[in-house]
Amino acid sequence: METILNTQFDELQKAIEGIKEAKSKGQSTDEARTAATLMFVALKHANREVKHKIKDGRDKLHLEKCKVDLSRLQLQNLLYEVSHLKKEIVRCQKFKSRDTSLELLSEAEYSSKLPDMANDEEELSSHKQHLHRLDCELRLRKELDKQYSALLSSKQELLQDNLSHAQRYVSFAPALRTLQSATKPLHDALQLSLDVEWKLSAVVKYLPKPLYVLFIVLQSLQRVSEEQSFTAEVVGYESEAQMQQLLKEKKYPTLNHRQPETETGEQYKIGKSSLEEALASHPLHICLTIGAAGSNQLVLQIRYFDLIKCATVWGQMNYSSNSNSQPDTNFVHHLLRHLYPNDLGTEIPIPGIQHELRSSDLTAEECVRYLKAKDFGKPFCWLQSMCSIATVNSSMLYNHELNLNKHTKEIIDRIARRLNSWQRLSQQIRGLTYKDIDLYSLKENIYPAGLSCSLVQWTAITHEEFHSQISDVLNTSSGDKGITYNSYRAVIVRGSAKMECFIRIPSNYPMEMPLWILNVHWNGCHTSQNNSAIKMMEFWTNSLQPKHLEPNDHILYAQLFRTIYSFDIFLETEGSMQNTIEYNKEKPYISAFAKRSRSRPYKYIKKGSVYAFKQ
Amino acid sequence: MKQKDLKRAYNNVLAQAISASHQYLFAGNLFGDIFVLRIKELDKGSEEPPGKLKIFPQGSDVDINYLVFHRDFLIVGAVGLIYGLKWNEEEETLDTKRSWEVKIPMQVDAVEVPDVNSMWLDSENSILLAGCGDGVILQVSLEDGRIQREYRGHTDYVHSVVGNTKGQIFSGAEDGTVRVWSTKQQEHTAMLEPYKNPNLLRPDWGKWIGAVAVNEDWLLCGGGPKASIFHLRSLECTRVFDFPGRVHLCDFVDDCVLIGGEHNHVQSYTLNGELQANIPVEHTACYSAVWQTSPIKLMSIAGFSNKLHILKDFRFLDSKIDLYGNVQGEENEPEEDDELIEEPLTIEAA
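Quick caveat, the model's predicted, so the values are computed rather than measured.

Draft legend 1. Just the overall build of chain B, in detail. Scanning chain B from terminus to terminus reveals one helix and 29 strands. For 350 residues, the compact-globule estimate of 2.2 N^0.38 gives 20 Å, and the C-alpha radius of gyration of chain B, at 21 Å, lies within 12% of that figure. Taken along the three principal axes of its C-alpha coordinates, chain B extends 70 × 60 × 55 Å. Looking at chain B as a whole, 47% of its 350 residues are labelled buried.

Take a look at the structure:
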């Protein structure tokens, strides 16, 4: 445009100069003047164009200005926002969530309680993990809350229930009372004096609680059973019991019975010096007599001790005057000790008693020793179960008997049965020792033709003497289990042959049978160690089990007869091979030997009237 | 005394057998129990104790007099019958059901059911010879269980039967004779009476022959009379052994002679009669010895005690293995509670 204008100006100047020159020269200028005027038109045109362009430029400028203004505004906005966000950040940083004050489950607990949720958050950030945990815990808490409210409502219901039941029972009372008074004439007519009976047992109510339970159970059993197999009575004076109770209350007026731990603890802190005082038994005890009147009776004295919280039993025999038996009281001890297996009464079976005794500076062993020394007996588990005392036995088995009636009856029956077994056994031993029995006429003597051997001696020997016998049998007994033994020696003779029998009677008889060890002295000494025939013989004697016996058989006699027959058969079969025949075949057996072991016909077989000995 | 202790104290093992795979040892006793021992357990090294045995009771009325193993059967010689039990090697179990049974025929005049005292197996021909309590030797075909023939002649019960590959059968019996039989002849072909030889007779112990063994040239027997060797063709006594007890067990082992019986030792002699090994045993009497040389070399001696005596080199005692009290699952058995219940005691008036 500029160049155009410039060229136009140049052309115009040239034209003007041309005109001027022409004027000066005097030439006509009109032509030039019109041409120049035309040039003005072009100039004007160009001017207009310039004006347009300027306007254009202004418009553009305005537009740009507007744009600039807008972006400036935006910038301003952004700046404002930044400052706002900064403020926000500061606020966020200062923010404290309430969850930090919450007590959360530990990591382990969390993963154990909500295992399914804990698994899939390995890759999550710690914050998200935390959130997840919070979430889960919220759920858990909600559930627990639900449970809690459910339990609360059920508790409420039960309370309501109790209340209504109690009300119903209370409403019974007057009805019962009227019923009782109504039946009074009937009582009189039947001569049932209920009141008197209760008065008789007034002393009973001073019994310590466990003994009271026992006594009531025994009374009820006694009333139910027809034959009088046992009697129970309370021994001691009512006044003494009352006195003790009073003393106790006086001494510790502030302590009531709901805090027995502190009671015993303080009461016996001083008690180390006087174990006697601490372990004083209750002035009342129960005396349980088993066995019918007039026969030999077993008297059990059952005492209760507050300190060790259990009952003890001491037994002794009460021999009737009309029986000719000599007192042999050892077995009472065995009987009680082995009434139940693993219940030897050597420790106090009350849970936690060790700990309680420690607080009063005592040990359980000390107490048991003291009880034994004072003839108070032993705290057997079976006795506690009769008194409804919970026990823990040596193998940490907890037991609390609740069916007292049945259980107590079972125990008493068991004692009576064992007593009978032991009495019979001691009678047999006595019979053998003093030879006041006729072996040949005894019922167990199954073989009608009689015996060829004879029992010449039966004596008690010491444990050591018994154990000087070498035998496999002694090595194979399974475990000790606190069993002790009484040993005897019997001598059986036939002709020049002699047999020594060593008999061991276990203290847990009749759970275990007497054990026999046999030695034959005839052409040298034969034992189960060097002669298989003797070993088989010994087996045959020892294998006699209770189930093989007939009712009214005597175990010891039956074993003795088995041994004697076996000895006869041994001699007769062995004798058949000897050069000088001392023993002839007298017993009916088919073959003297059988099998590769050359076993002998020790077994007695009877079929109808035919009998024989067989392998 | 408890039943359990009684069995331990008076366990009498009369029979043993080794499985065809040479991996298992069977031992049967007079209480009717069969024990199974995994032989591998003995080869584990001395540190760890051998594993427990398995027990397969056959009933208390079954006396296990003799055991033989054939293919996958354990053959039991009991009283009056022989029966087979299938042995499942994978599961290590004996079938409780008897796979087959062969009843021993009763003689017309017999009063007792005869024992099966000894068995000898001809595994090539699947023939079993059984020496019985009535003095008869039965030849049983294991293919069909048929009794093929009887060898009669002994006047008392048979203690021991063995055969050889030449079709000869040798038997020793309570009547004091050793008889040689042929499968082709009705009567015995030869008879020995060791008790008639004053060098052999031990007068107080009787004439019975408790055990017989043979190899290619020699016959070994003993019992009440002393253990001695006879030449097979001439039947001359060539060697007497000094074994001091009654003989219930004798055999040729390698180049030696193994003799056992009612004595506290089992002895091994050379053929010349020299004592080579004197093995102390706990058995009151030994009744059975079985051995193998591969894959694990071992010998087991059993008898009237609760233990198996294991020898690895056949000369020295290696270990003793308890039977009762060493059985899988025994601990879980409930304790028996057998009480004597007696009638109440009545007191006679004084």
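Draft legend 2. Representation of the overall build of chain A in the model. When helices and strands are tallied, chain A shows 19 helices and 13 strands. Buried residues in chain A amount to 26% of all 615 residues. Taking as baseline every contact in chain A between residues at least 6 positions apart, the subset at least 24 positions apart corresponds to 59%.

Draft legend 3. Representation of helix H5 (residues 126-190) of chain A in the model. All names here are of chain A. At lysine 184, H5 is deflected by roughly 35°, the largest bend along its length, and proline proline 185 occurs up to four residues later in sequence. Across the 65 residues that make up H5, only a small minority, one, are buried. Just past H5, the residue glutamine 191 takes up positive phi, approximately 55°.

Draft legend 4. Representation of the pairing of strand E10 (residues 116-122) of chain B within the structure. All names here are of chain B. Within E10, five of the seven residues are buried, which leaves it mostly tucked inside the rest of the structure. Bridge count between E10 and strand E11 (residues 127-132): six bridges; the pairing is antiparallel. Among the inter-strand pairings, leucine 121 is bridged to a residue of E11, identified as leucine 128. If you look at the hairpin formed by E10 and E11, you'll find four residues sitting between the two strands, and serine 126 has a positive phi there, around 50°.

Draft legend 5. Summary view of the nonpolar core. If you look at the biggest cluster of nonpolar residues, it comprises 192 residues, and the most contacted ones within it are Phe26, Leu67, Leu74, Met119, Ala130 and Cys250 of chain B. In terms of residue count, helix H19 (residues 555-575) of chain A provides more of this core than any other element does, eleven residues in total. Beyond its immediate stretch of four places on either side in the chain, phenylalanine 26 of chain B contacts Gln16, Ala17, Ile34, Val36, Leu67, Phe69 and Leu74 of chain B.

Draft legend 6. Looking closely at the domain arrangement of chain B. Residue and element names in this part refer to chain B. Along its sequence, chain B is carved into domain 1 (1-115 + 310-332) and domain 2 (122-280). Computed over C-alpha atoms, the centres of domain 1 and domain 2 are 23 Å apart. Every element with two or more residues in the side of domain 1 that touches domain 2 is listed here: strand E5 (66-70), strand E6 (73-77) and strand E9 (100-103). Looking at the side of domain 1 that touches domain 2 residue by residue, the class counts come to eleven nonpolar, three polar and two charged.

Draft legend 7. Broad picture of the environment of valine 473 of chain A. With respect to the helices and strands, valine 473 of chain A occurs in helix H17 (residues 472-476). A tally of 22 C-beta atoms within 10 Å means that valine 473 of chain A is categorised as buried. With near-sequence residues (within four places) excluded, valine 473 of chain A lies in contact with Leu515 and Ile517 of chain A together with Ala9 of chain B.

Draft legend 8. Quick look at the sheet that holds E11 of chain B. All names here are of chain B. The four strands lie next to each other as E10-E11-E12-E13, forming an open sheet whose pairing is antiparallel. Two strands in the sheet have a free side with no partner beyond their single neighbour: E10 and strand E13 (147-151). Each neighbouring strand pair of the sheet contributes to a mean axis angle of 20°, computed without reference to strand direction. Note: strand E12 (residues 137-141) against E13, four bridges, orientation antiparallel. Across the sheet, residue leucine 138 finds its bridge partner in E13, namely glutamate 150.

Draft legend 9. Structural view of the sheet that holds strand E29 (residues 317-322) of chain B. All names here are of chain B. A sheet is described by the order of its strands in space; here four strands give the open sequence E26-E27-E28-E29, paired in antiparallel fashion. Strands with a single pairing partner mark the edges of an open sheet, and in this sheet they are strand E26 (286-292) and E29. Geometrically, the sheet is characterised by an average inter-axis angle of 20° between neighbouring strands, direction not taken into account.

Draft legend 10. How the structure looks around helix H18 (residues 532-542) of chain A. Most of H18 of chain A sits inside the fold, with eleven of its eleven residues counted as buried. Elements in contact with the buried residues of H18 of chain A: strand E10 (515-521), strand E11 (525-527) and H19 of chain A together with helix H1 (3-9) and strand E23 (256-262) of chain B.

Draft legend 11. Quick peek at the environment of aspartate 255 of chain B. Residue and element names in this part refer to chain B. Relative to the helices and strands, aspartate 255 resides in the loop between strand E22 (246-253) and E23. The class of aspartate 255 is exposed, set by 9 C-beta atoms lying within 10 Å. For the pair aspartate 255 and threonine 96, spaced 159 residues apart in sequence, the C-alpha separation works out to 40 Å.

The rules behind the values
Residues numbered from 1 in each chain as written. Chains lettered and ligands numbered in written order. Predicted model: local features only at pLDDT ≥ 70, side-chain atom pairs only at ≥ 80, totals over all residues. Helix = DSSP H or I, 4+ residues; strand = E, 2+ residues; numbered from the N terminus. Rg over C-alpha atoms; globule rule 2.2 N^0.38 Å. Buried ≥ 20, exposed ≤ 12 C-beta atoms within 10 Å, placed from the backbone. Contact = placed C-beta atoms within 7 Å. Bend = angle between axes of the 7 residues up to and from the residue. Pairing = 2+ DSSP bridges. Core = buried A, V, L, I, M, F, W, Y, C linked by C-beta atoms within 7 Å. Domains from an automatic or database assignment. Nonpolar A, V, L, I, M, F, W, Y, C, P; charged D, E, K, R; others polar. Axes fitted to C-alpha atoms, helices over the stretch in contact; angles between N-to-C directions.

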